[in-house]
Structure formats: C-alpha cells, structure tokens
Amino acid sequence: DDQMAPYALNQEYHIALTLDEDGGTGGNSLISFYRDGVLEGTIDANDKLANISFSNMWIGRSQFGDGTANASYNEFRIYDMVLDQAAIAENTQLGPDQLSGVAGVPEPSTLALLALSLVALASRRRRVRA
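Residues numbered from 1 in each chain as written. Predicted model: local features only at pLDDT ≥ 70, side-chain atom pairs only at ≥ 80, totals over all residues. Heavy atoms only, no water.

A. Structural view of the side chain of Ser29. Positionally, Ser29 belongs in strand E2 (residues 29-35). Residue class for Ser29 comes out buried when judged on its relative accessible area of 0%. Aside from chain neighbours lying at most four places away, what touches Ser29 is Leu19, Asp20, Glu21, Gly24, Ile43, Asp44, Ala45, Asp47 and Lys48. (Helix = DSSP H or I, 4+ residues; strand = E, 2+ residues; numbered from the N terminus. Buried < 20%, exposed > 50% of the residue type's maximum accessible area, 1.4 Å probe, protein only. Contact = heavy atoms within 4.5 Å.)

Next comes the structure, spelled out in structure tokens:
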C-alpha cells in the first residue's frame, strides 16, 4: 500500500518524512509522510532510531529486491529534530538550496546515516503493509 502514489513522470515533487519517537500510540514512534507540503499519511512503528541497522541504506533503491527508483534528486536534507507541517510547507515553497525561516528550525544536520535509516525504515514499513 503506497500512500504516496501515484507519481507523474517528469514532475518535480517535494517529499518529506519525519520520525517522532514519542508521537505514536502506546509508546510507538510516528512516521509521517508529506508530499508537496501536505501530510499524506502516517504509520505507527515500534522502531526507535537507536535500534535501526545502518547497513544497506540507499536513496531510491530498496533493500527488499523490488524496483529501483527511476528518479533524480536535487537536494537531500537531514534535520536533528522533527519538523512540523508549517516548516515542511515552507521548505516546499522555498525549493532547494534555501533554508526555512520557521522559528526553531536549525541548519540541516550532516548525519547522513540517520536519514538513510529513516528512508529504509519507511520502505520496510511500506513493504510490510503491502
């Protein structure tokens, strides 16, 4: 079940994923998916960032053997906090290479492995639900 489908060819999208370790029900994490600044869906997950394996983390390639994304990327940001919908919407409007002016939003973190883990976690959750 791909909550973010469909995608049109040759169309640019702003995709954001957040993981709030305290935002889910019953002590679970809450993973939120945004497309073009709009919340598209959420998943409760019992995973915490500290428990995620940092192996086989790719952007646009699944570790489950399904298709590789036929996509290009003009920017990839990683934050060390959960952005709210206002910050994500502002980042969507600003586009690449400009940082949000929303209060409390720091410069992006350089923890690339953390973001790749989030992508892998979301892919795994999507695959489990499918």
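B. Broad picture of the pairing of E2. In terms of burial, E2 is largely enclosed, as six of its seven residues are buried. Judged from the six bridges that link them, strand E1 (residues 15-20) and E2 form a sheet pairing that is antiparallel. Along E2, the bridge assignment pairs Ile15 with Arg35. Summarising the sheet, E2 and strand E3 (residues 38-45) pair through seven bridges and their orientation is antiparallel. Paired with Ile31 across the bridge in E3 is Ile43. (Pairing = 2+ DSSP bridges.)

C. Here's a closer look at helix H1 (residues 85-94). Of all the residues in H1, the buried ones are Ala87, Ile88 and Asn91. Down the axis, H1 shows its buried residues gathered within 100° of arc, on one side only. Considering only its buried residues, H1 is in contact with E1 and E2. At the N-terminal boundary of H1, the capping side chain belongs to Asp84, with an oxygen 3.2 Å from the backbone nitrogen of Ala86. Phi turns positive one or two residues past the end of H1, at Gly95, with a value near 80°. (Arc of directions from axis to C-beta. Polar contact = N/O pair within 3.5 Å; in protein donor to acceptor, adjacent residues only side chain to side chain.)

D. Examining the nonpolar core more closely. Ranked by size, the top nonpolar core spans six residues in total: Ala16, Tyr34, Tyr79, Leu83, Ala87 and Ile88. Ranked by size, the runner-up nonpolar core spans five residues in total, among them Leu19, Ile31, Phe33 and Ile43. (Core = buried A, V, L, I, M, F, W, Y, C linked by side-chain atoms within 4.5 Å.)

E. Spatial organisation of the sheet that holds E1. Taken in spatial order, the three strands line up as E1-E2-E3 in an open sheet, and their pairing is antiparallel. One side of each edge strand has no neighbouring strand; the edge strands of this open sheet are E1 and E3. Adjacent strand axes in the sheet meet at a mean angle of 15° when their direction is disregarded. (Axes fitted to C-alpha atoms, helices over the stretch in contact; angles between N-to-C directions.)

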